[in-house]
Amino acid sequence: MTEILGQTILDLIDGQNYAVTSFPADKYTQAVADTLEGNFDPTQINRSEVQIAGGVEGGGQTISLELAPYILPLRYKNEYRKLIHPDAQLPVHTYLIFESEKISNSKMKIVQLDDLTQLNDQIEAFFEIEKNWVAPVPKEEEKDTAAETKPKKAAAKKTTRKKATKK
């Protein structure tokens, strides 16, 4: 397991000075997984990504491998600043990040990989999740729907009480 000094990680993340390899693809194939893996360096902080059908920004998918200390994308600089102590030696792990409009509400699924032997299978599993994903109902529509389906309560009857009078 590789460990890196916290300050080194912070310097790389703050300046976005880590290696990033990106390439486009029309669709996902085993060759895409092979290229993704071939561009990835398991010994240093880096990111290897493929943007399928324009990437997540273009309505497609972005799949990446990152070597990082936490299960967060390296682009989340503020979160890393809060989590990393400069003097600490931190173990780094390989993370597979799948980004798509249809994968989850956060548009992202992240899995820690012990090795890359099952990379293709894991990516295929993400595509299966995406294929079966059902979009959530926006909150405004939920309120409108809830208001329409709830029966209105009948107005409460007002009762009058007689006051006890002293004799």
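Our structure's up above, just so we're on the same page.
What you are looking at is a predicted structure, and each value in this text was computed from that prediction instead of being measured.

Draft legend 1. Seen up close, the pattern of salt bridges. According to the stated counting rule, one finds 7 salt bridges in the structure shown. For Arg47, the salt bridge identified is with Glu66, shortest N-O distance 2.3 Å. One end of the pair, Arg47, is in strand β3 (residues 46–52); the other, Glu66, is in strand β4 (residues 61–68), with 19 residues separating them in the sequence. Under the relative-accessibility criterion, Arg47 is labelled buried at 8%. Take Glu66: its relative accessible area is 1%, and that puts it in the buried class. Across the pair Glu128 and Lys131 runs a salt bridge whose closest N-O atoms are separated by 3.4 Å. Placement of the pair is Glu128 and Lys131 together in helix α4 (residues 119–132), with a separation of 3 residues, close to one helical turn. For Glu128, a relative accessible area of 39% translates into the label partly exposed. Relative accessible area serves as the criterion here: at 58%, Lys131 is assigned to the exposed category. Residues participating in the shared-partner salt-bridge network are Arg47, Glu49, Glu66, Arg75 and Glu99.

Draft legend 2. Broad picture of the environment of Val20. Relative to the assigned elements, Val20 resides in strand β2 (residues 19–25). Accessibility expressed as a relative area gives 48% for Val20, which makes it partly exposed. When the C-alpha atoms of Val20 and Asn46 are compared, they prove to be 5.9 Å apart, with 26 residues separating the residues in sequence.

Draft legend 3. View of the nonpolar core. Membership of the largest hydrophobic core comes to 34 residues, with the highest contact counts inside it found for Ile9, Tyr28, Val50, Ile63, Leu65, Leu96 and Ile123. Of all the elements in the fold, those that place two or more residues in this core are α1 (6–14), β2, α2 (30–38), β3, β4, β6 (93–100) and α4. Residues within four places of Val50 in sequence aside, it is in contact with Phe23, Pro24, Ala25, Val32, Leu36, Gln61, Thr62 and Ile63.

What counts and how
All chains use their own residue numbering, which begins from 1 and follows the written sequence. Given that the model is predicted, a residue must reach a pLDDT of at least 70 before its local features are reported, and side-chain atom pairs must reach 80 or more before they are shown or counted; all residues, however, enter totals for whole chains, interfaces and linings. Processing note: side-chain calculations cover all non-hydrogen atoms of the structure and skip hydrogens and water entirely. Salt bridge criterion: a side-chain nitrogen from Lys or Arg within 4 Å of a carboxyl oxygen from Asp or Glu. Under the DSSP-based scheme used, a helix requires at least four consecutive residues in state H or I and a strand at least two consecutive residues in state E, with every element numbered from the N terminus. A 1.4 Å probe rolled over the protein chains alone gives each residue an accessible area, and that area as a share of the maximum for its type sets the label: buried under 20%, exposed over 50%, partly exposed in between. Joining through side-chain atoms within 4.5 Å is the link that ties buried Ala, Val, Leu, Ile, Met, Phe, Trp, Tyr and Cys residues into a set, and such a set is a nonpolar core. Contacts between residues were defined by any pair of non-hydrogen atoms, one from each residue, lying within 4.5 Å.

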